[in-house]
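Geometric and topological summary
If you want the building blocks of each chain, they are given just below.
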Amino acid sequence: MESLIIGTAGHVDHGKTVLINALTGADTDRLKEEKERGISIDLGFASFPLPDGRQAGIVDVPGHEKFINNMLVGAAGIDLVLLVIDVNEGLMEQTWEHLGILELLGLEKGIVVLTKIDLVDEEWCDMVEEEVKEALQGTFLEDVPCCRVSAYSGEGIDELKELLEQLTATVIPRDINAPMRLPVDRSFIISGFGTIVTGTLLQGRVQVGDTVEILPTGATARVRNLQVYGRNVEEAQAGQRVAINLAGVEKSEIERGSVVCWPGYFQLTSLLDATMQMLERAPRELKHLDPVHLYLGTTRVVARVALLEKDGLYPGDSGLVQLRLSSPLVAERKDRFIIRSYSPVTTIGGGVVLDPASERPHRRLRDKYLSSLKELEQEIIETDSDKSFVEQKIRQLKITDLKRLQTSTRLGKDNLQFIVDELEDEGRLVKLGDSLVASDILEEWEKAVVVFVDDYHEKTPLSPGISRAQLKNAIPASLSIKEYDSFLEMLIDQGLIEERGDKICRAGFIPRLKENEQKIVGEITSILQYSRFQPPSVKELAQKLGCELDYMEDLIDYMVEHNMLIKIHEDMYLLPELYEEALQELTKHFSENDTITMAEYRDLLQSSRKYMQPLLEYFDQQKITRRKGDYRVPWKIEQGGVRSE
Ligand SMILES: Nc1nc2c(ncn2[C@@H]2O[C@H](COP(=O)(O)OP(=O)(O)OP(=O)(O)O)[C@@H](O)[C@H]2O)c(=O)[nH]1
Ligand SMILES: [Mg+2]
């Protein structure tokens, strides 16, 4: 069953409540004080069965300027409006104020109703209608039908019902598959039942037995009973006026302005990026960081408006703003809000939320934020698509996974997945394992890594490459190990870099020696040939050849890397041919003996204990020999893989 909400608007005493009574038979002025004073104070609700079987709810709002707060609560969540004008008075102060509010809330449909026609003649009616039509030019109610009624005589009421039926047929139904969200407009206790809340279900659906969350307190409660238009139901859907009987929650935890919603889906926010429009009729300009009253849904908080692109917003102006709230509320992208000046309290403007979870206070006039917010604004105005919003969030977060993105965008999981897939297909984002990065940001990182590696090679041409840990500094974002590994793997796949051992180098990189270095390498080789099995240490080599120690170490590393040297120990390097010779001596010895002592080996190689110890340890390491007390035996592997003792 489709549902929708018809709102009312208009100056005090212009006949809204009596009109609703004529349409539905309900008296929406239920308070004693309302009866006594003959004016509406708080919101009233009535159900209105449309002739085609659909149900509508009608919201009666007070017209008196003192109760505009209540009107604002009622105006949130309506689908179309009856702008009620007393034909005797025409457009008055609150007619304009309500109209401005509805326009700022993005309402697009409505009917103008001239009331109390029993008190005037037709000529007067024609004249007032003419005037009203002219005055409404340029508003969302220009060229809408105008209906003349008398609630007393009943004249025009049937025509109005017919018009309503036609117009309601054009209302786009609310999304019943979105996460459930109900801004509370009333909460009260009925003895024997407990806490009851009412409101217009903005999106999604709710069933008896559901667990719901209440924000901002964060309390959870169970739906014990549900009523829609006074009837018990098992399920209520978006677009309906709903009364929920909640179990497990105190009345103090829930009040007008609270939000009843799916648990865990909605979040509180205190920082909103928005686009704001000032009313033409606003009494003065809004300055940077002016305090205001912000009305969103059924909530009202004090906020400061940071003007992001202008020094002042003048009546009729619009601009990007950041709303810094004094207490958090639930807001979603595309939510509309109204701003009233702090004191004296008058409606001055309103706008649309572009980003409900602004990451930090923006500095003014900063291009970076402005251009991205402008894009969002454009998207909302033109295509109403979530895509660019998602893309921007990904960019802001630098690297994110779906879960974090969902918290950040507040979009439904399926919807978000769909958008992410689309962005990936279009090449606008790239997946790094489970994480997402905007493709242009990834490109920047690629460039940064390449430059970093190139720079490293340039500075240390002898080094085979850079360590992974060191290379991570090239990326201007903090990546998890998993993300970093996926990123490097991608660069390796693209042929930009190569992994050699535990080092990363540019693909195809060959450490090269300069001419003078080749000469030094030659000299090192000669010295080592000459010193045979008593090679000088690296330090001694550096001294002998007049080089810096660091430099000599690089050269030696290079020679090891290129099999020009064998590293026996931190400070003992042998030329490969000498190593072979040493090995041959050992093998020869073992062909005739079962064991060898360090002294025996030393004599064989005409060396000294200082060198023999590291060399034999090296053989042990290589599993050529095995130490047994003071001597060594060959490390034999027997058939079947069992080592001999
Ligand atoms: N003659 C005549 N009087 C009407 C008609 N409709 C309303 N009235 C009178 O106008 C006065 C105000 O009517 P309400 O319906 O209470 O006006 P309202 O717009 O709800 O007023 P607020 O809620 O206070 O803003 C009452 O005294 C009604 O009796 C009508 O069609 N004909
Ligand atoms: Mg009223």
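Quick look at the structure, then.

**Considerations on the overall build of the protein chain**
Across its full length, the protein chain holds 19 helices and 34 strands. Taken against the 2.2 N^0.38 rule, which gives 26 Å for 645 residues, the C-alpha radius of gyration of the protein chain at 40 Å runs more than 25% over that of a compact globule. Taken along the three principal axes of its C-alpha coordinates, the protein chain extends 135 × 55 × 40 Å. Considering only contacts within the protein chain whose residues lie at least 6 apart along the sequence, 64% involve residues at least 24 apart. Here the protein chain has roughly 30,900 Å² of accessible surface; of this, 47% comes from carbon and sulfur atoms.

**Describing the coordination of the magnesium ion (ligand 2)**
Coordination of the magnesium ion (ligand 2) by the protein comes from T17 (OG1) and S40 (OG), over a distance range of 1.9 Å. Residue T17 is found in helix α1 (residues 16-24), and its partner S40 is found in the loop between α2 (32-37) and β2 (44-49); the two are separated by 23 residues along the sequence.

**As for the packing of helix α9 (residues 402-409) against helix α10 (residues 413-425)**
Interaxial distance between α9 and α10 falls to 11 Å at its minimum, and their mutual angle equals 110°. Here α10 runs roughly perpendicular to α9, going by the angle between their axes. In this structure, α9 crosses over α10, and the sense of that crossing is right-handed. Within the contact between the two elements, α9 uses L402, L405, Q406 and T409 and α10 uses K413, L416, Q417 and V420. The residue makeup of the contact of α9 with α10, split by class, is 4 nonpolar, 3 polar and 1 charged.

**A word on the sheet that holds strand β19 (residues 299-307)**
The antiparallel closed barrel is built from 6 strands, whose spatial order is β16-β21-β19-β18-β22-β23. Along the sheet, successive strands turn relative to each other by an average axial angle of 40°, direction set aside. Sheet analysis places β19 next to strand β21 (residues 318-330), joined by 5 bridges and oriented antiparallel. For L307, the partnering residue across the bridge sits in β21 and is V321. Sitting on the sheet, helix α3 (residues 68-75) is in contact with β18 (290-296), β19 and β22 (336-341), with an inclination near 170° to β22. In this fold helix α4 (residues 93-104) packs onto β16 (268-278), β22 and β23 (347-355), with an angle of close to 10° to the strand it touches most, β23.

Rules used throughout
Residues numbered from 1 in each chain as written. Chains lettered and ligands numbered in written order. Predicted model: local features only at pLDDT ≥ 70, side-chain atom pairs only at ≥ 80, totals over all residues. Heavy atoms only, no water. Helix = DSSP H or I, 4+ residues; strand = E, 2+ residues; numbered from the N terminus. Rg over C-alpha atoms; globule rule 2.2 N^0.38 Å. Contact = heavy atoms within 4.5 Å. Areas by Shrake-Rupley, 256 points an atom, 1.4 Å probe, with all protein chains shown as cover. Donors = N, O, S within 2.8 Å, 3.2 Å for Na, K, Ca; no water. Axes fitted to C-alpha atoms, helices over the stretch in contact; angles between N-to-C directions. Parallel < 35°, antiparallel > 145°, perpendicular 65-115°, else oblique. Left-handed = near helix turned anticlockwise from the far one by under 90°. Nonpolar A, V, L, I, M, F, W, Y, C, P; charged D, E, K, R; others polar. Pairing = 2+ DSSP bridges.

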